[in-house]
Amino acid sequence: MKRIYRQPTPLDRSDFDRARTDRDVPAICEAAIALASTELDRKWMERQLIELMRDVDGSVRSIAALAVGHLVRVHGQIDLEEVMPVLQELLEDREAAGNAANALDDIRMFVRHGE
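Note that the structure is a prediction, hence the values are computed from the model and not measured.

Any chance you could explain the pattern of salt bridges here in plain terms?
Two side chains carrying opposite charge are able to pair once their charged atoms lie near each other. Counting across every chain of the model gives 10 salt bridges. Residues Arg13 and Glu39 are paired through a salt bridge, measuring 3.0 Å at the closest nitrogen-oxygen approach. Of this pair, Arg13 sits in helix α1 (residues 13–22) while Glu39 is found in the loop between α2 (25–38) and α3 (42–52), placing the two residues 26 residues apart along the sequence. Here the salt bridges do not stand alone but share partners, grouping Arg13, Glu39 and Asp41 into one network.

So, in structure tokens, the structure goes:
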């Protein structure tokens, strides 16, 4: 299957909350990616992504891992103690392993130590 990149639609927390309340998986995934790239409150976004990486839906887990990579590229930091164990678990998840591995690579590449 050919994947085509498209710029995420600008979304905010209310869109994210609505998607989660409605259990609209495509909207959850789209909002996670959009907010990971734009949300100023990194810690809040990390908490949201950790929850999503534990979701029952494999596509949500996978997209949440991908969004961690976006978040770390934007902010240059992440709570390693909180995020790393969840990503490590996802390496064993057939639906999310690829994006979890990519997120771990992004963390190694983009986390600025000593800040």
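Let's pick the thread back up.
Honestly, the environment of Pro10 in this entry has me stumped. Any pointers?
Mapped onto the secondary structure, Pro10 falls in the segment before α1. Remark: the alpha-carbon pair of Pro10 and Ser37, spanning 27 residues in sequence, is separated by 9.6 Å.

Looking at this model, I keep getting lost on unusual backbone geometry. Mind explaining?
Excluding glycine, a negative phi dihedral is what most residues carry, and trans is how most peptide bonds are arranged. Even without glycine at this site, Arg23 takes up a positive phi of about 55°. Along the polypeptide, Arg23 turns up in the loop between α1 and α2.

What exactly am I supposed to notice about the nonpolar core here?
If you look at soluble globular proteins, the nonpolar side chains tend to sit buried side by side. Within the largest apolar cluster, 34 residues are counted, with the highest numbers of intra-cluster contacts made by Leu49, Met53, Val68 and Leu87. Elements represented by at least two residues in this core include exactly α1, α2, α3, α4 (58–75), α5 (80–90) and α6 (97–110). Among the elements that take part in this core, α2 stands out by supplying eight residues, more than any other. Sequence-distant contacts of Leu87, defined by excluding residues within four places in its chain, comprise Met53, Ala65, Val68, Ala100, Ala103, Leu104 and Ile107.

I tried to follow the environment of Gln77 on my own but got confused; where do I start?
Within the secondary structure, Gln77 sits in the loop between α4 and α5. With a relative accessible area of 30%, Gln77 lands in the partly exposed category. With 35 residues separating them in the primary sequence, Gln77 and Arg112 have C-alpha atoms 6.1 Å apart. Those residues within four positions of Gln77 in sequence are excluded, and the remaining contacts are Arg42, Glu46, Val72 and Val111.

Just checking my understanding: could you explain α5 for this structure?
Given 3.6 residues per turn, any residue in an α-helix points the same way as the ones three and four places further on. Within α5 the residues assigned to the buried category are Val83, Val86, Leu87 and Leu90. Projected down its long axis, α5 carries its buried residues within an arc of 100°, all on one side. Seen from the open side of α5, the exposed residues pointing more than 90 degrees away from its buried face are Glu81 and Glu89. Those residues of α5 hidden inside the fold are in contact with α3, α4 and α6.

Definitions and limits used
- Residues numbered from 1 in each chain as written.
- Predicted model: local features only at pLDDT ≥ 70, side-chain atom pairs only at ≥ 80, totals over all residues.
- Heavy atoms only, no water.
- Salt bridge = Lys/Arg side-chain N within 4 Å of Asp/Glu carboxyl O.
- Helix = DSSP H or I, 4+ residues; strand = E, 2+ residues; numbered from the N terminus.
- Core = buried A, V, L, I, M, F, W, Y, C linked by side-chain atoms within 4.5 Å.
- Buried < 20%, exposed > 50% of the residue type's maximum accessible area, 1.4 Å probe, protein only.
- Contact = heavy atoms within 4.5 Å.
- Arc of directions from axis to C-beta.

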